[in-house]
Amino acid sequence: MIPIRYVEPVFRPPSEAESLILPVTDGCSWNKCTFCEMYTAPQKAFRARDEAEVLESLRLTGERYGEQIRRVFLADGDALVLPTRRLLTVLDAIRTHLPAVRRISSYCLPRNLRRKSQQEIDELAAAGLKMVYVGAESGDDAVLAAVHKGETFETTREALDKLGAAGITRSVMLLNGLGGRALSAQHAAHSARLINATQPEYLATLVVSFPQGEARLRAGFPGWEPLSQHELFVEMETLLRGLELKRTVFRSDHASNWLVLKGTLGADKEKLLAQVRQALSGQAALRPAWARGL
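Residues numbered from 1 in each chain as written. Predicted model: local features only at pLDDT ≥ 70, side-chain atom pairs only at ≥ 80, totals over all residues. Heavy atoms only, no water.

Student: In this structure, what is going on with the nonpolar core? I would like to understand it.
Tutor: Here is a general trend for soluble globular proteins: nonpolar side chains tend to be buried in one another's company. Core analysis: the largest hydrophobic core is formed by 57 residues, its most contacted members being Leu 22, Val 72, Leu 74, Ile 94, Leu 240 and Leu 243. Excluding residues that lie within four positions of it along the chain, Val 72 makes contacts with Ser 19, Leu 20, Leu 22, Ile 94, Leu 98, Val 101, Arg 103, Ile 104 and Ser 105. By size, the runner-up hydrophobic cluster in this structure holds 25 residues, among which are Cys 33, Cys 36, Val 147 and Phe 221. (Core = buried A, V, L, I, M, F, W, Y, C linked by side-chain atoms within 4.5 Å. Buried < 20%, exposed > 50% of the residue type's maximum accessible area, 1.4 Å probe, protein only. Contact = heavy atoms within 4.5 Å.)

This is the structure:
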């Protein structure tokens, strides 16, 4: 049994399935995004973990599994909200107690990097922070405001540029359908503009969903209407068509996605567009003539 205290539910990116999950905070320091249900449970109220507890957990874990652990994911929602000194202390303890670790990663809210200088981010990279997952969600300011993201195109771009300058691998997530029908086109176009401006190493999309219902989102975005499967494909086509990337690994293979897409952009751009257009064509063939405007 791993000697770490977890507060359920625990979230991590799919690619961190084999990582040691090390909570340095509980919950999310922002936790106002109306599309997100991850940290709304009472026990997930935001707090920084006691530094002594984190360091002791690392020491005990190292005694038992020190030579077996290759990756560490700093949880919960935004570990980088912590002061740089505390983060450097944790990174140093990981090197000391888990000498086999080759990658340390975390989620990151762009807002947290506004408080950190480029020198601080460089120090985190030098201390072992290798990869950061940024939920950009959208590059459109109207969409971001409607869902209370607390970010803008520029704040997200600035954060991604700081991480890139430090040599930290960036994995960016966009939410297909987040703008609803009214803002779908600009959501896709401006998201492509954000990704083009920052050229992240990884890009993923998933379809926005609401297991607990849409009331929270609609409270601040009353005109929001979900996209049909066809409209989601159209939005994806708009996004892909607008992307001008050099070597970004692209994945749209989350369980929420109707169409699995995988490739490297820009090498596979035309292939991916062809897959989306084939899906759209197949849908059109199955729709009645009146729905196709005939």
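From this point on, the discussion continues.
Student: Sorry, what's going on with the pairing of strand 6 (residues 129-137) here?
Tutor: A regular strand places its side chains on the two faces of the sheet in alternate fashion. Taken across its 9 residues, strand 6 has 8 buried, putting it largely inside the fold. Examined bridge by bridge, strand 5 (residues 103-108) and strand 6 share 5 bridges and lie parallel to one another. Note that in strand 6 the partner of Ile 104 across the bridge is Leu 129. Pairing of strand 6 with strand 7 (residues 169-176) involves 6 bridges; the strand directions are parallel. Bridged to Glu 137 within strand 7 is Leu 174. (Helix = DSSP H or I, 4+ residues; strand = E, 2+ residues; numbered from the N terminus. Pairing = 2+ DSSP bridges.)

Student: Before we go on, may I ask you to explain the layout of surface pockets in this structure?
Tutor: Over the atoms, a rolled probe matching the size of one water molecule traces out where space is still vacant. Taken as a whole, the largest pocket spans an internal volume of roughly 1,300 Å³. For the lining of the largest pocket, the secondary-structure elements that each account for two or more residues are strand 5, strand 6, strand 7, strand 8 (202-207) and strand 9 (248-252). Top contributing element to the lining of the largest pocket by residue count: strand 8, with 6 residues. Looking at the lining of the largest pocket residue by residue, the class counts come to 28 nonpolar, 9 polar and 8 charged. (1 Å grid on protein atoms, 1.4 Å probe; cavity = no way out; pocket = protein on both sides within 12 Å on 5 of 7 lines; lining within 4 Å. Points joined across faces, edges and corners; volume = space filled by probe spheres on them. Nonpolar A, V, L, I, M, F, W, Y, C, P; charged D, E, K, R; others polar.)

Student: Can you help me understand the sheet that holds strand 8 in this one?
Tutor: Within a beta sheet, neighbouring strands are joined by backbone hydrogen bonds and run either parallel or antiparallel to one another. Spatially, the 8 strands line up as an open sheet ordered 1-4-5-6-7-8-9-10, and their pairing is mixed. Two strands bound the open sheet, and with one partner strand each, they are strand 1 (20-23) and strand 10 (261-265). The average undirected angle you get between the axes of adjacent strands in this sheet is 20 degrees. As paired elements, strand 9 and strand 10 share 5 bridges and run antiparallel to each other. (Axes fitted to C-alpha atoms, helices over the stretch in contact; angles between N-to-C directions.)

Student: Looking at this model, I keep getting lost on the environment of Thr 34. Mind explaining?
Tutor: In this structure, Thr 34 sits in the loop between strand 2 (25-26) and strand 3 (47-48). Residue classification places Thr 34 among the buried positions, given a relative accessible area of 8%. In sequence terms Thr 34 and Gly 220 are 186 residues apart; their C-alpha atoms lie 7.7 Å from each other. When neighbours within four sequence positions are excluded, Thr 34 is seen to be in contact with Ala 146, Val 147, His 148, Phe 210, Arg 216 and Leu 217.

Student: What exactly am I supposed to notice about helix 1 (residues 51-65) here?
Tutor: An α-helical segment advances 3.6 residues per turn. Residues three or four places apart therefore align on the same side. The first and last C-alpha atoms of helix 1 sit 21 Å apart over 15 residues, in line with the 21 Å expected at 1.5 Å per residue. Listed in full, the buried residues belonging to helix 1 are Val 54, Ser 57, Leu 58, Thr 61 and Gly 62. Taken around the axis of helix 1, the buried residues stretch over an arc of 135 degrees, which confines them to a single face. Contacts made by the buried residues of helix 1 are with strand 1 and helix 2 (84-97). For helix 1, the side-chain oxygen to backbone nitrogen distance between the N-cap and Ala 52 is 3.1 Å, and the N-cap itself is Asp 50. (Expected span 1.5 Å × (residues − 1). Arc of directions from axis to C-beta. Polar contact = N/O pair within 3.5 Å; in protein donor to acceptor, adjacent residues only side chain to side chain.)

Student: In this structure, what is going on with empty space enclosed by the protein? I would like to understand it.
Tutor: A full pass over the atoms with the stated rule returns 3 cavities of 30 Å³ or more. In this structure, the largest cavity occupies an estimated 70 Å³ of space. Surrounding the largest cavity, Leu 174, Leu 175, Asn 176, His 187, Ala 188, Ser 191, Thr 205, Glu 235, Met 236 and Leu 239 form its lining. Taken together, the residues of the lining of the largest cavity sort by class into 5 nonpolar, 4 polar and 1 charged. In this structure, the second largest cavity occupies an estimated 60 Å³ of space. Lining the second largest cavity we find Asn 176, Val 207, Leu 232, Phe 233, Met 236, Ser 252, Asn 257, Trp 258, Leu 259 and Leu 261. When residues in the lining of the second largest cavity are grouped by element, the largest group, 3 residues, is from helix 9 (residues 229-242). Residue classes in the lining of the second largest cavity are distributed as 7 nonpolar, 3 polar and no charged.

On their own, these measurements won't tell you what the molecule is for.
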